[in-house]
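In case you want the letters, here they are:
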Amino acid sequence: MRYSDIMIPVQQAISIVKEHTKPLDTSETKPLSDCLGSTLAKNVISSINMPPFRQSAMDGYAVNMHDSNIYAIIDEVKAGDGHQPTLLPGETVRIFTGAPVPDTANAIIIQEHVSVEKNILKAHKPVTINANIRPLGEQTKEGNIALKKGTKLSPAGIGFLTSLGITEIDVKKPLSIALVVTGNELAKAGEPLQYGQIYESNAAMLTSALNDLGYMNVEITSVEDDYQSTYNILKNVISNHDVVLVSGGISVGDYDFVGKALLEIGVEQLFYKVKQKPGKPLFFGKKENTIIFALPGNPASALSCFYVYVQTALQRLSGNEHFELLKTSAKSLSNFTKRGDRAQFLKAIYNNGRVEILEGQNSSMLHTFALGNALVFVPEDLNLITINDTVEVVLLPIN
Ligand code: AMP
Ligand code: MG
């Protein structure tokens, strides 16, 4: 495909991203304890009932009900006990939370509702059948699905599967992501800055944004603004990763080699320019199963494009097929005039139905983005926002 210059609208660009990002179906078996945040690749079938026996939910007395409120106490069962006293009607055993309920008991009376004298118990409230007994298999039954394929494992999920005795599970392989940072002017934070240099900040920013979404498998490479080096590095990372993100070098300057290298490598260009601000030069392409985004180097543009497009792609590739950006509408606390006919994503602070558009919307500026938690979307055909107008807001996934 040719390196075309056609600028496409935001909605079309999002649709193209969705069209080319279907869940990747690679999985691996891992110890459950390492699976926080992982997505189940298969249904998990329970090999036991949970609870594995009828279990007392309270401290009290297990009774074999009869038609009087007086019971004879004949034994005691505490949590972890393995014995099984037999109760005749009118008999009871002292029992504690988590203890197995004898088969011949059919209710637990909580200890707050009884009085006891020697071995005689008197119930002060009517007893209901099965009260305070957790039935066998109440949470899940042997042979049933405990958690479905596609479930993202939370601490509760890890706890639940562990409670079923599970130690290993099949989870989706985490996406392998390469981040290639271009720019001769970039210095490493912590080292002295020479005249003409700026500190490289996109790698730290994008890695944090990736980590924030749970993507930890990120390999960072830096490359000079030189065609051959750019070509070699991109070719290598594209053949080894699910997703490649490039920072900078995708614009039209004489030293922007990313677009040329990508096409030379055989990446299919799916779009190159989006009718938006910031982030007009945004390349999206594909080579075999690898998805490639070349993001503008300007930090605020790169991050804005990350949240709108890269996030959408990553979520879908990792199994969340119906992912949509989190959007809401809000009343604007600010006035804003848009120049030109590109759609705009404005850095903003959203709070409780209201949104403040921040100063410093320039695409190089992170100082206000650092305070923001949302982007106000201004469509192509809207040029003026006045205080109290209802505007469309994209909420950012910031932890
Ligand atoms: P580019 O997209 O390569 O033309 O870069 C656009 C602007 O973003 C230039 O002012 C660059 O110096 C700046 N820039 C590019 N990459 C980075 C980076 N990794 N960290 C900070 N600024 C960058
Ligand atoms: Mg550059």
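Residues numbered from 1 in each chain as written. Chains lettered and ligands numbered in written order. Predicted model: local features only at pLDDT ≥ 70, side-chain atom pairs only at ≥ 80, totals over all residues. Heavy atoms only, no water.

What follows concerns the site of ligand 1. Near ligand 1, the surroundings consist of 16 residues, among which E185, E200, S201, G249 and G297 are the closest. At a separation of 2.8 Å, an oxygen atom of ligand 1 approaches a polar backbone atom of G297. At 3.1 Å from an oxygen atom of ligand 1 is found a main-chain nitrogen or oxygen belonging to N298. A total of 480 Å² of accessible area belongs to ligand 1 in isolation, and the protein chains cover 77% of it. Sorting the residues of the shell around ligand 1 by element identifies β14 (177-182) and β16 (198-199) as the ones contributing at least two each. (Near = heavy atom within 4 Å. Polar contact = N/O pair within 3.5 Å; in protein donor to acceptor, adjacent residues only side chain to side chain. Areas by Shrake-Rupley, 256 points an atom, 1.4 Å probe, with all protein chains shown as cover. Helix = DSSP H or I, 4+ residues; strand = E, 2+ residues; numbered from the N terminus.)

Time to look at the domain arrangement of the protein chain. Partitioning the protein chain into structural domains gives domain 1 (10-25 + 174-317), domain 2 (31-49 + 141-172), domain 3 (55-134) and domain 4 (327-395). The C-alpha-based centres of domain 2 and domain 3 are spaced at 34 Å. (Domains from an automatic or database assignment.)

This next bit is on helix α6 (residues 299-317). Since the α-helix turns once every 3.6 residues, residues separated by three or four places project in the same direction. At F306, α6 is deflected by roughly 45°, the largest bend along its length. With 19 of 19 residues buried, α6 lies mostly within the body of the structure. A positive phi of about 115° marks G319, the residue just after α6. (Bend = angle between axes of the 7 residues up to and from the residue. Buried < 20%, exposed > 50% of the residue type's maximum accessible area, 1.4 Å probe, protein only.)

Per the counting criterion, the structure on display carries seven salt bridges. E324 is paired through a salt bridge with K18; the nearest N and O atoms lie 2.9 Å apart. Within this pair, whereas E324 is found in the loop between α6 and β23 (327-332), its partner K18 is found in helix α1 (residues 10-19), the two being separated by 306 residues in sequence. Given the relative accessible area of 19%, K18 is considered buried. (Salt bridge = Lys/Arg side-chain N within 4 Å of Asp/Glu carboxyl O.)

Right, let's talk about the environment of F345 for a bit. Within the secondary structure, F345 is located in strand β25 (residues 343-351). F345 sits in the buried class, given a relative accessible area of 4%. Each C-alpha atom of the pair F345 and M58 lies 55 Å from the other, and the pair is 287 residues apart in sequence. Setting aside residues up to four positions removed in sequence, F345 forms contacts with V10, Q276, K277, P278, S304, V308, Y309, Q361, L375, V376 and F377. (Contact = heavy atoms within 4.5 Å.)

As enumerated under the stated definition, the model contains eight aromatic pairs in all. Here the aromatic rings of F345 and F377 are separated by 5.0 Å at their centres, their planes lie at 45°, and the arrangement is tilted. Of the two residues, F345 is situated in strand β25 and F377 in strand β27 (residues 374-378); the sequence distance between them amounts to 32 residues. Across this residue pair, the class does not change: F345 and F377 are buried. Members of the aromatic cluster, each reached through a chain of ring pairs, are Y227, Y231, Y255 and F257. Directly above the aromatic system of Y227 lies the positively charged group of K260, at a separation of 4.0 Å from the ring centroid. (Phe/Tyr/Trp six-rings, centres within 6.5 Å; stacked < 30°, edge-to-face > 60°. Lys NZ or Arg CZ within 6 Å of the ring centre and 35° of its normal.)

Reading across the sheet, the seven strands line up as β1-β19-β21-β22-β18-β14-β17 and stay open at both edges, with mixed pairing between neighbours. Two strands in the sheet have a free side with no partner beyond their single neighbour: β1 (7-8) and β17 (218-223). Sheet contacts for helix α4 (residues 227-240): β14, β17, β18 (243-247), β21 (281-287) and β22 (290-295); angle to β17, the most-contacted strand, approximately 170°. (Pairing = 2+ DSSP bridges. Axes fitted to C-alpha atoms, helices over the stretch in contact; angles between N-to-C directions.)

Bringing the side chain of T207 into the picture now. In this structure, T207 sits in helix α3 (residues 202-212). In terms of polar contacts, T207 uses its side chain to reach the backbone carbonyl oxygen of A203, at 2.6 Å. Each residue touching T207, except ones within four places of it in the same chain, is listed here: L179, N202, V218 and I220.

Contact geometry of α1 with α6 gives a least axis separation of 9 Å together with a crossing angle of 25°. By the criterion of interaxial angle, the relationship of α1 to α6 is roughly parallel. The chirality of how α1 crosses α6 is right-handed. Seen from α1, the contacting residues are V10, A13, I14, V17 and K18; seen from α6, they are V308, Y309, T312, A313 and R316. (Parallel < 35°, antiparallel > 145°, perpendicular 65-115°, else oblique. Left-handed = near helix turned anticlockwise from the far one by under 90°.)

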